[in-house]
Amino acid sequence: LTAGTVERMVDAPTAEDAFKVLNDLTFLAGCMGEYTVFEFQSVLAKGLQKMLRLVRRMAPHPNVINFLNLKYDFHNLKISLKARLTSRGYDDVKHTLLDAGSLEESQWEKFILEGEVPPLTESMNATLDDVNKQYEKTEDPQIVDMIVDKHLLGEMFLLAMLLDTKHTIDYIKKLIDLTNLRTFIRCKELKKEKNYLKAVLLENGTVSTDAYLESYSKGYEDLRLALEHKLYGSDLVESLDEFTNEKSLLMAEKKASELLEEFMKKVSHTPFGPEPVFAFFWKFENHMQILRTILVGKLNQIPSEEIRAQALAL
């Protein structure tokens, strides 16, 4: 995706004209079909599937593919679980399912409609059991998101350890830190019990879960003091300060994006191994998100300058 293509789409007079620009993108060749601009998500999903097939052919190790599939498998598990637990129908959520990953969308449809559990991995089965147990205790739909994310990052960490790639391990550990900070803040603001926080915190970060649990009853200042003494605590302190000053979690999201950028820069000098494959695919996903942002903006008739600013921020 080039800057010129982005500008053509942003400056297009209508959403339909912006959508037509996708015809010129090599990685979406053969994906456009008879779709209209209102179905652009289907076009991007086909582009994603096409790129996953390419990576599957060229990646040298099956765990690389498992690593890339994880996000989509766990996303679909989260959507399907929430639909079943909250008695929502398949038609209510099918637009949020991603036809990517190791399982087909039709398998998730059967799970939602009939309760037929698809052939899940051991880690996904453990996630399913954990969600059911925690939801039975709390009847809180939000805990579904947090438990699934907890298991996703835990499995990503284990796969990174199997692949033995230092940059990837460091990236996941810091991402776990930021996730735990966001979880701490959300639980604190919603006045959740300490046991609730304990159930959703992730292990294997650079900051132990004990630091969050010990600070929970005391407050944000106590957590800040604990984080200040950690080797990689500066990003967390900055994110926490932003929240206490502005009551916004945007800084934590920004730090997560910066972590990915830092990872990309490091692996750009790594010629072999799985990390260049991760960097390539994550960059591709980022480009797809830019396309999605532009088309959503055009469909909602958001001014071009606003769309440009949102796209450039990705």
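Before going into details, it helps to say that this report is about the structure given with it.

Calculation rules
Residues numbered from 1 in each chain as written. Predicted model: local features only at pLDDT ≥ 70, side-chain atom pairs only at ≥ 80, totals over all residues. Heavy atoms only, no water. Helix = DSSP H or I, 4+ residues; strand = E, 2+ residues; numbered from the N terminus. Rg over C-alpha atoms; globule rule 2.2 N^0.38 Å. Buried < 20%, exposed > 50% of the residue type's maximum accessible area, 1.4 Å probe, protein only. Phe/Tyr/Trp six-rings, centres within 6.5 Å; stacked < 30°, edge-to-face > 60°. Lys NZ or Arg CZ within 6 Å of the ring centre and 35° of its normal. Expected span 1.5 Å × (residues − 1). Contact = heavy atoms within 4.5 Å. Arc of directions from axis to C-beta. Core = buried A, V, L, I, M, F, W, Y, C linked by side-chain atoms within 4.5 Å. Axes fitted to C-alpha atoms, helices over the stretch in contact; angles between N-to-C directions. Parallel < 35°, antiparallel > 145°, perpendicular 65-115°, else oblique. Left-handed = near helix turned anticlockwise from the far one by under 90°. Nonpolar A, V, L, I, M, F, W, Y, C, P; charged D, E, K, R; others polar. Patch = residues over 30% accessible without salt bridge, like charges linked within 9 Å, V, L, I, M, F, W, Y side chains within 5 Å. Areas by Shrake-Rupley, 256 points an atom, 1.4 Å probe, with all protein chains shown as cover. Salt bridge = Lys/Arg side-chain N within 4 Å of Asp/Glu carboxyl O. Lys, Arg positive; Asp, Glu negative; His and termini not counted. Charge placed at Lys NZ, Arg CZ, Asp CG, Glu CD.

## Section: the overall build of the protein
- The helix and strand inventory of the protein stands at 16 helices and 0 strands.
- Against the 2.2 N^0.38 benchmark of 20 Å for 314 residues, the protein shows a C-alpha radius of gyration of 21 Å, consistent with a compact globule.
- Based on the C-alpha atoms only, the size of the protein along its principal axes is roughly 55 × 45 × 45 Å.
- Looking at the protein as a whole, 47% of its 314 residues are labelled buried.

## So, the packing of aromatic side chains
- What the rule picks out here adds up to 11 aromatic pairs.
- Considering the side-chain rings of F184 and Y220, the 6.1 Å spacing of their centres and the 65° angle between planes classify their relative orientation as edge-to-face. Residue F184 is found in helix α9 (residues 166-189), and its partner Y220 is found in helix α12 (residues 220-228); the two are separated by 36 residues along the sequence. Both residues of the pair, F184 and Y220, belong to the buried class.
- Among the aromatic residues, ring-to-ring pairing joins F184, Y212, Y216, Y220 and F243 into one connected group.
- Taking the ring centre of F111 as reference, the NZ or CZ of R84 above it sits at 5.8 Å.
- The cationic tip of K188 hangs over the ring face of Y216; the distance from NZ or CZ to the ring centre is 5.0 Å.

## Considerations on helix α7 (residues 122-138)
- Given a rise of 1.5 Å per residue, 17 residues ought to cover 24 Å, and the 24 Å separating the end C-alpha atoms of α7 matches this to within 8%.
- The set of residues buried in α7 consists of S123, M124, T127, L128, D130, V131, Q134 and Y135.
- In the core, the buried residues of α7 are packed alongside α4 (62-85), α6 (105-114), α8 (141-163) and α10 (194-200).
- The positive-phi residue at the C-terminal boundary of α7 is E139, with phi of around 50°.

## Considering α6
- W108, F111 and I112 are the residues of α6 that are buried. All buried residues of α6 fall inside an arc of 95° around its axis, so they share one side. Across from the buried face of α6, at angles greater than 90 degrees, the exposed residues are L113 and E114.
- Among the structural elements, α4, α5 (90-93) and α7 are those in contact with the buried residues of α6.
- With its phi angle positive at about 80°, G115 sits one or two positions after the end of α6.

## What about the nonpolar core?
- The biggest cluster of nonpolar side chains holds 104 residues, and the ones touching the most others in it are L22, L28, F67, Y212, L227, F281 and L291.
- With 12 residues, α8 is the largest single contributor of residues to this core.
- Excluding its chain neighbours within four sequence positions, the residues that come into contact with L22 are M9, L28, M32, V43, L291 and L295.

## Brief notes about the packing of helix α1 (residues 3-11) against helix α16 (residues 304-312)
- Packing of α1 against α16 brings their axes to within 9 Å, and their N-to-C directions diverge by 150°. The angle between the axes of α1 and α16 places the two elements in the roughly antiparallel class. Between α1 and α16 lies a crossing whose hand is right-handed. Listed contacts from α16 to E7, V10 and D11 of α1 are S304, I307 and R308.
- Its residues placed into classes, the contact of α1 with α16 shows 2 nonpolar, 1 polar and 3 charged.

## Some points on a positive patch on the surface
- Together, K46, R53, R56 and R57 make up a positively charged patch on the protein surface.
- Mapped onto the secondary structure, R56 falls in helix α3 (residues 40-58).

## Concerning the side chain of T209
- Mapped onto the elements, T209 comes out in helix α11 (residues 209-216).
- Among residues more than four places away in sequence, those in contact with T209 are L201, L202 and E203.

## Some thoughts on a nonpolar patch on the surface
- On the surface, L54, M58 and F280 cluster together into a nonpolar patch covering about 250 Å² of accessible area.
- You can call F280 partly exposed: its relative accessible area is 37%.

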